[in-house]
Amino acid sequence: IGDSHVAGPYGAELERLLKADGNTVSTYGCVGATTADYISGTKSCSQGSTFKGVRKDYTIPTIKSLLANIPDVVIVSLGGNYINSPELSKQLAEETSDFECYWVVPAWGPYADEQTFRIFNIELSKVAGKCKVIDALSLTDYNFCGNQRFCLGEKRLHFDEYGGEGIQVAKQWAQGVFTQVTG
């Protein structure tokens with residue numbers, strides 16, 4: 001489950017890899033989704049969102065209804081969208097912790113700054129111990145801003161907005177997550 005990154009090249013590649021490995025996969029990638037959205041199940045998803053891997057508009061199912069299908073593995077990949085709802089992040093992690101759960105931290109596009117990292121690390125501590133944490137930043141290597149990885153003021157948030165090279169980085173990210181989940 002996840003946000004716009006899951007609805008984009010990263011999510012599509014991760015789904016492809018998991019299916020090629022013989023897994024049954026249901027991917028929910030909702031543009032702008034947060035932990036609150038997966039708990040409440042009220043967010044309308046559009047603008048390129050994916051429902052079970054197919055691009056369509058839909059309302060996010062609650063995490064409880066998704067888990068009623070008793071998955072073997074749950075991968076939560078919400079980018080930085082869950083920073084502002086720490087208690088709900090903890091609740092979502094607790095709801096998924098009865099399953100083999102992976103919480104993929106963002107690959108952080110070019111817009112991250114020290115304050116974002118500080119807040120993020122505080123919130124991440126609420127997830128740790130409930131789900132296995134995968135650090136996507138360590139799985140990607142891309143200088144978004146010429147010779148630097150980060151630059152404040154950059155408006156492009158998704159790898160595919162950087163063309164073919166960015167899409168390759170999204171696929172690299174998916175490969176790294178796949179390896180950690182199946183390894």
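Residues numbered from 1 in each chain as written. Predicted model: local features only at pLDDT ≥ 70, side-chain atom pairs only at ≥ 80, totals over all residues. Heavy atoms only, no water.

(A) Broad picture of the layout of surface pockets. Here the largest pocket is characterised by a volume of approximately 730 Å³. For the largest pocket, the lining is made up of 28 residues, of which Thr24, Val25, Ser26, Pro71 and Val73 are closest to its centre. Contributing elements (two or more residues each) for the lining of the largest pocket: α2 (9-20), α4 (63-67), β6 (73-76) and α7 (163-182). In terms of residue count, the dominant contributor to the lining of the largest pocket is α2 (5 residues). In the lining of the largest pocket, the residues fall into 16 nonpolar, 8 polar and 4 charged. (1 Å grid on protein atoms, 1.4 Å probe; cavity = no way out; pocket = protein on both sides within 12 Å on 5 of 7 lines; lining within 4 Å. Points joined across faces, edges and corners; volume = space filled by probe spheres on them. Helix = DSSP H or I, 4+ residues; strand = E, 2+ residues; numbered from the N terminus. Nonpolar A, V, L, I, M, F, W, Y, C, P; charged D, E, K, R; others polar.)

(B) Just the sheet that holds strand β4 (residues 54-55), in detail. Judged by pairing direction, the sheet is antiparallel, and its 3 strands sit side by side in the order β1-β3-β4 without closing on themselves. Of all the strands in the sheet, the pair left with one neighbour each is β1 (28-29) and β4. The sheet contact formed by strand β3 (residues 50-51) and β4 spans 2 bridges and is antiparallel. Residue pairing across strands places Thr50 opposite Arg55, the latter belonging to β4. (Pairing = 2+ DSSP bridges.)

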